[in-house]
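Here are the chains, one letter per residue:
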Amino acid sequence: MLWMCGMCTAACMVKSVHGLLLLLVVHVAGYFLARLGVSELWRDIRFFLIQMVIVTGLYMLRDGIPDGIWPGIRTSLQVLLFFLPGALFLRTTPSSRIMSSLRRFMPRRLAFFVFISFRFLPYFAGEFHDISMIQQLRGVRLTPRYWIDPRNWRDIFHCMVIPLMVRAIKTADQAAMSAVARGFGKRYGKDTDSGEAE
Amino acid sequence: MKSFLEIHGMSYSYPAAKAPVLRDISLRIHAGECVCITGPSGCGKTTLLMAVQGLLKDGYRPDAVRIHPSGFGLDTGMVFQNADTQILCTTVRDETAFWPVNLGMPPDFIEDAVESALHEVGLAGFEARHVDALSAGQKHRLTIASVLSMRPGLILLDEPGAQLDAGGKEKLVRILKRLKYQGHALMIADHDLHPYRSVADGCVLMKNGGIDRTLTRIPLEYGMPDRLPESVPDHSYKTFGPPVVDVRDISLSGSEDRTVFDGLSLQVQQGEFVHLYGINGQGKSTLLRCLCGFARPDSGAIRTADVDSPRPHLLAGKAALLLQNPQKQIFEDTVFDEAAFSLKRSGLSAERIRERVMWALEFCEVRHLADRSPMMLSFGEQHRVALASVIAAEPRLLLLDEPFSGLDLDQRRRLLTLLRQLCRDRKVSIVMASHNPGSDMGCADRRLVLADGKITSESGYEC
């Protein structure tokens, strides 16, 4: 936990590109020390790579090509390095440890909600992927250009967000049931009847 | 012999609903007895298990369910249908310890409980493993362990066989047998009871929320039949023109250098019904994804519906995909709009759209639901609406990924009959992936086995 906060702060403080690259090397080493492979690293950083391209591209648009490149890379690296400690933390720390850390500053029930919401994020990423797959075959053009145009937002809301919300509600319901059936909330003699939000 | 669980005249209706889901249920289960519950979808099997577990809110008389104290730690424990949504923790150990930890058990007790529960389901040594690194079968066994950690006298299992392949079911039945000999009572709700024949002591057939019949053994018709009478194997496809699916020598490696496909080739002719069978984790879904361009092989060539190296938007209207859960694709206000969705994007006249949608709804036997909201339908109806919505565009290729889970045997038969007709009358090619070799009930023209990255054997049916 401390390591995570330290590394996040370091990512914000360090301004030179060399320092950031050094931090990146430390993180990659951290992944391998935690016996995680290249594929896990790739899965955690691939979305940030898109972010890096966009941020660097915007910097270059503003400051011109030679002047914009380094600030762009620096800022996007900072963003990446800010999130990597968290990703490493989630991959290496068992849920009981995360729960007990969360419980230091929030009530047990809230800690459980927060934890479960993060726990199910990858699951929803999978659902999202499935839904987009089907809708594309049904003729929705889910290209980046399509996403940006506000005229299409209503359409996207209909064919992507509604099925995703239905799935989220069902999943929350099933997860809540699983928790209640195994004594969640029993210790305090109260009944838990509210489902977790996604 | 004194019974362990007694249910006497229990009825229940959900708070907002008019009709009761359970009507006048009476049932007795002894210690060490295994009872299977079956019946058409929506007959109240799951609700009955939930009532016994005490998960239903107001509306039924609590004294209708009576559980006599036994030598076990707790009364009941429930294993739900979907492993992915009921596993809440990130490691095998934490998940197994979830129940005792919630009840505030002492650490020594938790340690022993976790060890013995994992041993019972064959997951000893997996304690520190991340749950996402488990296979489908292992995940399911973990859900049983997470209930066993408190040793409930009665274990309730909701469709435990749905996500498991033949090997997984065999392991499950072995675990169930051992639990039974230890004196646990078991209640299993499922559609295909065939796998449980060696462990079940009785069978309860439910209908419309009530108990229809109680039997001492599982009747033959509640196993999957080998062959449907409607199934007419059709080998005339061999004479048709260019294949609709042409996969040549594709290879793909997945994460951790695991080989998914290793020189796989596959041809599907027009109007042919192919059943792609493989045990869990052999890459059936990935192959379907490759066919419609959502995944790309490292090497080799794919041609789908005359499109080389397919991309999804090039295949819109030509290939259609139906996943296990119809909820993933349903969003419109009415069933009619749902089925018209892809047609509206193809620039057809309103007249033509109406004609085609009506045909698709009629074909899938959901025409009477045209003005209803698809969200409010039962699972089986949603399934047929989803099918209608993909075939309305008259695709040349229909891909189905595990289409049978959640459907009862009768609905499975109806689905297969529909698919058979699509092939024969509309010349649609079908590739259906499943983990159960018998699930095509003899309706497919060919059954292909996907194993070790290749299609290892083909079996046509003799005419």
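These numbers come from a predicted model, not from an experiment. (Residues numbered from 1 in each chain as written. Chains lettered and ligands numbered in written order. Predicted model: local features only at pLDDT ≥ 70, side-chain atom pairs only at ≥ 80, totals over all residues. Heavy atoms only, no water.)

Brief notes about the overall build of chain B
Alright, step 1. Within chain B, the secondary structure is distributed over 12 helices and 19 strands.
Alright, step 2. Over its C-alpha atoms chain B spans a radius of gyration of 24 Å, differing by no more than 12% from the 23 Å that the globule rule assigns to 463 residues.
Alright, step 3. Projected onto its principal axes, the C-alpha positions of chain B cover 70 × 50 × 40 Å.
Alright, step 4. Counting only contacts in chain B whose residues sit at least 6 apart along the sequence, the fraction spanning at least 24 positions is 70%. (Helix = DSSP H or I, 4+ residues; strand = E, 2+ residues; numbered from the N terminus. Rg over C-alpha atoms; globule rule 2.2 N^0.38 Å. Contact = heavy atoms within 4.5 Å.)

Some remarks on the sheet that holds strand 13 (residues 299-304) of chain B
Residue and element names in this part refer to chain B.
Alright, step 1. As summarised here, the arrangement of the 4 strands in space is 11-10-13-14, forming an open sheet in which the pairing is antiparallel. Among the strands making up the open sheet, the edge pair consists of strand 11 (259-268) and strand 14 (307-308).
Alright, step 2. Sheet topology note: the strand 10 (residues 245-253)/strand 13 ladder contains 5 bridges and is antiparallel. Bridging from a neighbouring strand, R248 pairs with A301 of strand 13.
Alright, step 3. Helix 7 (residues 284-291) rests against strand 10, strand 11 and strand 13 of the sheet, and its axis sits at about 60° to strand 11. (Pairing = 2+ DSSP bridges. Axes fitted to C-alpha atoms, helices over the stretch in contact; angles between N-to-C directions.)

Section: the side chain of T47 of chain B
Residue and element names in this part refer to chain B.
Alright, step 1. Here T47 is to be found in helix 1 (residues 45-53).
Alright, step 2. Look at T47 and you get buried, because its relative accessible area is 8%.
Alright, step 3. For T47, the contacting residues outside a window of four places in its chain are Y12, Y14, V21, L22 and L56. (Buried < 20%, exposed > 50% of the residue type's maximum accessible area, 1.4 Å probe, protein only.)

Side note on the pattern of salt bridges
Alright, step 1. One pass over the full model with this rule turns up 28 salt bridges over all chains.
Alright, step 2. With a shortest N-O distance of 2.8 Å, R182 of chain A and E95 of chain B are connected by a salt bridge. Here the residue R182 of chain A occupies a position in the segment after helix 9 (153-181), and E95 of chain B occupies one in helix 3 (residues 92-102), the pair thus bridging two chains. Each member of the pair, R182 of chain A as well as E95 of chain B, carries the same accessibility label: buried.
Alright, step 3. The residue E355 of chain B makes a salt bridge to R352 of chain B at a minimum N-O spacing of 2.9 Å. In this pair, E355 of chain B and R352 of chain B are both assigned in helix 10 (residues 350-363), 3 residues apart and thus about one turn of the helix distant.
Alright, step 4. Overall, the relative accessible area of 47% leaves E355 of chain B in the partly exposed class. (Salt bridge = Lys/Arg side-chain N within 4 Å of Asp/Glu carboxyl O.)

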